[in-house]
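# Structural characterization, general
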Amino acid sequence: MLDTATLSETEEVLQDNFDSTVFVWSKQKGISPIAVKYGKGVYLYDYDDKRYIDFSSGLMNVNIGHGNQRITEAVVRQMQEVSYVTPYCVTKVRGELGKKLSEICPGDLNKAYFTLCGATSNEAAIKMARSYTGRHKILSRYQSYHGATYGTLSVGGDPRKLPDDSQQAPNFIHIDIPYRYRWNHDEASMLTDSVEQLERVIAYEGSGNIAAIMLEGESGTSGCLQYPVGYLKAVREICDKYDILLIIDEVMSGFGRTGKWFGFENHGIVPDMVTMAKGITSGYIPFGCLMVTDKIAARYNDTVLATGMTYNSHPVGCAAALETLKIYEDENLIENAVEMGQYVAEQAELMKQKHPSIGDFRTTGLLGCFEIVKNRTTKEPMAPFNAKPEEMAVMSKVGAKIKELGMYTFVRWSYVFVAPPLCVTKEQIDEGMAIISEALKIADEHVV
């Protein structure tokens, strides 16, 4: 370790982190993280007082914006009463949060099982689906992400799982759903192809073996890959036909991100289970939830629910979540997500006229991304799916330029994400889009 006596505050913070912590999904050398001192609204500030506009809400979780002291106050009040009780005890805030979630969830999604994060919510859903149905197989989409635990990595199709185990956990079956930008036929045929493929896979695997189909409410880090129109309604009908449970993962797309409380509400369906995290506390406290229907919950009235965790229904997490839900309503954040999402889409169309490297922009509410291409005719991406480091040369330069110009946002493969906090204004969107536009000049130079 280095002598820190001569280091600046920023250098000391970075050095302590490099010396004593491990970074996720990264090589441990050659990285250059922002040393964040504090956040306020849509902005992050480092130790040199440089301001960064946060255009991906952290990891699409800080929906209410940074630094909202209402959460701080709610957490302090709860900790002054009691910070922890076992899951075999109850607190007032646990019941209040469950009641509030049952009010905002449609249909008879009325029972809450509280977890720690998105991965543990999805793990709980997988276990309960298998327990409830007596079946074992789970169907999911290749281009999806459901968490980094062993089970959730396996149910997802994200290639980050591949180094861990070439086979992964058993009984997870994947389907492929085409997306509009790369579909060379009409919209109706895209829906037909997708539904027929799902029906074939169910037939191959045996409908009597399938416990659930797990899909995201709206696609997130895989590239905001929008479903064919009518697809989730068709999936709901197929699930009903074969007595298969429908699990919708709202970890990223939930809590106003898509202009609705939940992404699936854009598709006119009600699932059997809904998994949540991220926006439920806007990242202020690690917390998650699995909501299930009354029918599923009733199975365990006289049957042991064989799952649990030490921090289930953590009172401090419940307090943070309950206050966060009030903030969505008090500050009209979901309505703002609709309005600002439309504005972002309009500005993205104008940017397309300036930048030949923009192949597509797609967004639902404030969950969107640019897809950057080498050629608009062939649609060859600037970086391929699961790109190797050398294949990320151009996009890495784009990402570095974005950071240099004062923005934090998620850049992955050929995607530049646009998912600011739901409190964002038109002026702040203009600021952020101008930064992305400047950075995309680098990509424009590599268009064929």
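Residues numbered from 1 in each chain as written. Predicted model: local features only at pLDDT ≥ 70, side-chain atom pairs only at ≥ 80, totals over all residues. Heavy atoms only, no water.

Note the following rule: UniProt positions are given in the numbering used here, feature names are shortened, and annotations may be inferred rather than shown by experiment.
Taking an unreviewed UniProt entry as the reference, the protein chain is identified by name as Aminotransferase class III-fold pyridoxal phosphate-dependent enzyme belonging to Spirosoma validum. Under the Cofactor (unreviewed entry) heading, UniProt states for the protein chain: "pyridoxal 5'-phosphate". In its Sequence similarities (unreviewed entry) section, the UniProt entry covering the protein chain states "Belongs to the class-III pyridoxal-phosphate-dependent aminotransferase family."

## Re unusual backbone geometry
To be explicit about the condition: Each helix is a run of DSSP H or I of at least 4 residues and each strand a run of E of at least 2, with the numbering of both proceeding from the N terminus.
Unusually for a residue other than glycine, S313 sits at a positive phi of about 60°. In this structure, S313 sits in the loop between helix 9 (294–298) and helix 10 (315–330). Here W413, not a glycine, exhibits a phi torsion of approximately 50°, which is positive.

## Focus: the pairing of strand 11 (residues 358–364)
What counts is decided by this rule: Burial here depends on accessible area, computed with a 1.4 Å probe over protein chains only, as a share of the maximum for the residue type. Under 20% is buried, over 50% is exposed, and the range in between is partly exposed. Strands pair, by our definition, only if DSSP identifies at least two bridges between them.
For strand 11, the tally of buried residues reaches seven of seven residues, placing the bulk of the element in the interior. Bridge analysis of strand 11 against strand 12 (residues 367–375) gives six bridges, and the strand direction is antiparallel. Residue pairing across strands places T364 opposite L367, the latter belonging to strand 12. In this structure, the hairpin formed by strand 11 and strand 12 is closed by a connection of two residues, where G365 is found at a positive phi of approximately 65°.

## So, the state of the cysteines
Threshold: In plain terms, two cysteine sulfur atoms within 2.5 Å form what is called a disulfide here.
A complete count under the given rule lists zero disulfides for this structure. In this structure C89 is not part of a disulfide, and its nearest cysteine sulfur, from C318, lies 13 Å away. Cysteine C117 remains unbridged, with the sulfur of C289 as its closest cysteine sulfur at 13 Å. With relative accessibility at 30%, the residue C117 sits in the partly exposed group.

## Quick word on the environment of K374
Looking at the element boundaries, K374 is found in strand 12. Separated by 68 residues in sequence, K374 and I442 place their C-alpha atoms 12 Å apart.

## Some words on the nonpolar core
This is how it is decided: The criterion is simple. A nonpolar core is a set of buried Ala, Val, Leu, Ile, Met, Phe, Trp, Tyr and Cys residues joined through side-chain atoms within 4.5 Å. In what follows, a contact means two residues having at least one pair of non-hydrogen atoms within 4.5 Å.
Ranked by internal contacts, the top residues of the largest apolar core, which has 104 residues, are L101, I213, Y231, F255, M276 and F370. Broken down by element, the residue count for this core peaks at nine residues, all from helix 10. If we skip the residues at most four places from it in the chain, Y231 touches I175, I177, L191, S194, V195, L198 and L215. Judged by nonpolar contacts, the second largest core, of 22 residues, contains Y132, F172, A211 and I247.

## Topic: the packing of aromatic side chains
Cut-off, in case you're wondering: Only Phe, Tyr and Trp rings take part, Trp by its six-membered ring, and two of them pair if their centres are within 6.5 Å. Stacked means planes under 30 degrees apart, edge-to-face means over 60, and tilted covers everything else.
Evaluation of the coordinates by the stated rule reveals 14 aromatic pairs. Ring centres of F255 and Y328 lie 6.3 Å apart, and the angle between their planes is 15°; on these two criteria the pair is classed as stacked. Here F255 is found in the loop between strand 8 (245–249) and strand 9 (273–276), whereas its partner Y328 is found in helix 10, with 73 residues between them in sequence. One exposure class covers both F255 and Y328, and it is buried.

## Regarding a negative patch on the surface
In plain terms, the rule: Each patch is built from residues lacking any salt bridge and having more than 30% relative accessible area; the joining distance is 9 Å for like charges and 5 Å for nonpolar side chains (Val, Leu, Ile, Met, Phe, Trp, Tyr). All accessibility values rest on the Shrake-Rupley procedure with a 1.4 Å probe; residue burial counts only the protein chains present in the view. Every case where a carboxyl oxygen of Asp or Glu lies within 4 Å of a side-chain nitrogen of Lys or Arg is listed as a salt bridge. The sign given to each residue is positive for Lys and Arg and negative for Asp and Glu; His and the chain ends receive no count. The atom standing in for a charge is NZ when the residue is Lys, CZ when it is Arg, CG when it is Asp and CD when it is Glu.
The grouping of E9, E11, E12, D16, D48 and D49 at the surface amounts to a negative patch. Tracing the backbone shows D49 in the loop between strand 2 (43–46) and strand 3 (51–54).

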